[in-house]
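# Structural description and commentary
Here's the letter readout for the chains.
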Amino acid sequence: MQNIQAGILVEGTKLARYLEFSVDSEADVKTALQALVAKDVTENMVVGIGQSLLDLLGKNVLGLRTMQAKTGSGIELPSTPAAIWCWLRGTDRGEIFHRSRQIENILAPGFAITNVIDSFQYDANRDLSGYEDGTENPQGDDAIHAAIVQDQGEGLDGGSFVAVQQWLHDFEVLDAMSTKQQDDAIGRHISDNEEFDEAPESAHVKRSAQENFEPEAFMLRRSMPWAEGMDAGLVFVAFGHSFTAFEMILDHMLGKDDTVTDALFTFTRPVSGAYFWCPPVKAGKLDLGAIDF
Ligand code: HEM
């Protein structure tokens, strides 16, 4: 489909940078957005718009909302909304840095950067825990079906909704676990990436098995490891035609329905969480027709 931000569907990128912006000067927001819309959208950039910006513009996009903070047993998941989210993909850290300065300049009159995370591919798409991530992602038409809005009308079709959480791993805890304990936490063998039936109910892949939900909860995960100094973890990024699949799985990870907590939480926690609407594309530019822009 021509009207999808291509970076959502294109698999794998060696390096990336995530930028978040908040409104800095209300009077200049429209000028800044016009400059953003004038920019070509290539597969090297995915843009998302947050609820706070729509509120300022007095607009709504059916399906977008603010991520709610959630709790589980001894677990707090934060909500850290932003006005604009930008995922810059590439292969050269210097080029990505300069591209991020360009986006900062384009948005500068109306928006200020509030968060920057540099990320990278580890081996063949491993999380820094060592486990391969993304194996059960839907492919081809199934990916489009899971991630892209369809049959909702012009301005919405081709768009997507993205959930973004920065997770911080505790490597001391992970290192203290035996390989069996780690495999049990994920529900796959690190040695061959195979799922195993005898994994406990708390295993992450049992909590998140997409086809076991009613309705099925497929999403397109495009997560990437991040590291800054000696802190590191995963930027979890999941695109969906709505946030329903993400919320159903997160609630099951938190044991909302059966009090079993996902074993992932023993060694990692999210330190941020936000939802964005990724508008469709028209003639190679962001299409903000849904919000009359
Ligand atoms: C630091 C956080 C996380 C890590 C390290 C992680 C890691 C993994 C790994 C290693 C797999 C197995 C391979 C694969 O199919 O990709 C997996 C599967 C999956 N994860 Fe996560 N995950 C994290 C957070 C989340 C969150 C927050 C969600 C959604 C709310 C989620 C949803 C899924 C789904 C849907 C699958 C595929 C399950 C299936 O259908 O078999 N993950 N994850």
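Anyway, here's the lowdown on the structure attached to this text. Model, not experiment: these values are computed from the prediction. (Residues numbered from 1 in each chain as written. Predicted model: local features only at pLDDT ≥ 70, side-chain atom pairs only at ≥ 80, totals over all residues. Heavy atoms only, no water.)

## Considerations on the overall build of the protein chain
Note the following rule: Strands here mean DSSP runs of E at least two residues long; helices mean DSSP runs of H or I at least four residues long; both are numbered from the N terminus. Throughout, radius of gyration means the C-alpha value; the globule benchmark is 2.2 Å times the number of residues raised to the power 0.38. Any residue under 20% of the maximum accessible area for its type is buried, any over 50% is exposed, and the rest in between are partly exposed; the area is computed with a 1.4 Å probe on protein chains only. Residue contacts follow a heavy-atom distance rule, with two residues in contact if any of their heavy atoms lie within 4.5 Å. Calculation of accessible area relied on Shrake-Rupley with a 1.4 Å probe; when residues are assessed, cover is drawn exclusively from the protein chains displayed. Positive charges are assigned to Lys and Arg, negative charges to Asp and Glu, while His and the chain termini are left out of the count. Charge coordinates come from a single atom per side chain, which is NZ of Lys, CZ of Arg, CG of Asp or CD of Glu.
Scanning the protein chain for helices and strands turns up nine helices and 14 strands. A compact globule built from 293 residues should have a C-alpha radius of gyration of about 19 Å, and the protein chain, at 19 Å, falls within 12% of that. Taking the principal axes of its C-alpha atoms as reference, the protein chain extends roughly 55 × 40 × 35 Å. Counting across all 293 residues of the protein chain, residues that qualify as buried make up 50%. Sequence-distant contacts in the protein chain: of pairs separated by 6 or more residues, those separated by 24 or more amount to 77%. For the protein chain, the accessible area works out to roughly 13500 Å², and carbon and sulfur atoms hold 48% of it. Within the protein chain, the 46 negative side-chain charges are centred at a point lying 5 Å from the centre of the 22 positive side-chain charges.

## Side note on the nonpolar core
Generally speaking, a soluble globular protein has its nonpolar side chains buried in company with each other. Which entries qualify depends on this criterion: Joining through side-chain atoms within 4.5 Å is the link that ties buried Ala, Val, Leu, Ile, Met, Phe, Trp, Tyr and Cys residues into a set, and such a set is a nonpolar core.
Membership of the largest hydrophobic core comes to 59 residues, with the highest contact counts inside it found for Leu33, Leu53, Ile84, Leu107 and Phe111. When residues of this core are assigned to their parent elements, the largest contribution, five residues, is made by helix H9 (residues 244–253). Beyond its immediate sequence surroundings of up to four residues, leucine 107 is in contact with Phe21, Ala32, Leu36 and Ile84. Membership of the second largest hydrophobic core comes to 24 residues, among which are Tyr18, Ala82, Ile148 and Phe239.

## What about the packing of aromatic side chains?
Heads up, the condition is: In this scheme Phe, Tyr and Trp rings, the latter by its six-membered ring, pair at centre separations within 6.5 Å, and the angle between planes marks the pair as stacked below 30 degrees, edge-to-face above 60, and tilted otherwise. Charge-over-ring placement is defined geometrically: NZ (Lys) or CZ (Arg) within 6 Å of the ring centre, and within 35 degrees of the ring normal.
Summed over the entire model, instances satisfying the criterion amount to eleven aromatic pairs. Consider the rings of phenylalanine 243 and tyrosine 275, whose centres lie 3.7 Å apart with planes at 10°: the pair is stacked. One end of the pair, phenylalanine 243, is in the loop between strand S10 (231–240) and H9; the other, tyrosine 275, is in strand S12 (residues 274–278), with 32 residues separating them in the sequence. The pair phenylalanine 243 / tyrosine 275 is uniform in exposure class, with both members buried. Chaining the aromatic ring pairs together yields one cluster made of Tyr18, Trp85, Trp87, Phe239 and Phe276. Positioned over the ring face of tryptophan 87 is arginine 89, at 4.8 Å from the centre of the ring.

## So, the pattern of salt bridges
Worth spelling out the cut-off: By convention in these notes, a salt bridge is any Lys or Arg side-chain nitrogen within 4 Å of a carboxyl oxygen on Asp or Glu.
For the structure on display, the rule yields 15 salt bridges. Between aspartate 133 and arginine 221 there is a salt bridge, with its nearest N and O atoms 3.1 Å apart. Of this pair, aspartate 133 sits in the loop between strand S6 (111–120) and helix H5 (140–147) while arginine 221 sits in strand S8 (residues 220–221), and the two are 88 residues apart along the sequence. Salt bridges sharing partners connect three or more residues here, namely Arg17, Arg93 and Asp118.

## Comments concerning the coordination of the iron atom of the ligand
We count it as follows: Because water is not among the atoms used, a metal site may look incomplete, as its donors are only the N, O and S atoms within 2.8 Å, or 3.2 Å for Na, K and Ca.
Among protein residues, the single donor to the iron atom of the ligand is His204 (NE2), with a metal-donor distance of 2.1 Å. Following the sequence through the fold, histidine 204 ends up in helix H8 (residues 204–207).

## Topic: H5
Condition: This arc is built from the directions going out from the helix axis to the C-beta atoms.
Among the residues of H5, those classed as buried are Ala143, Ile144, Ala146 and Ala147. Summarising the axial view, the buried residues of H5 lie within an arc of 165°, below the 170-degree limit, and thus occupy one face. Exposed and facing more than 90 degrees away from the buried side of H5 are Asp141, Asp142 and His145. For H5, the secondary structure elements touched by its buried residues are helix H1 (6–9), strand S7 (160–169), S8 and S10.

All we've got here are geometric facts, nothing functional implied.
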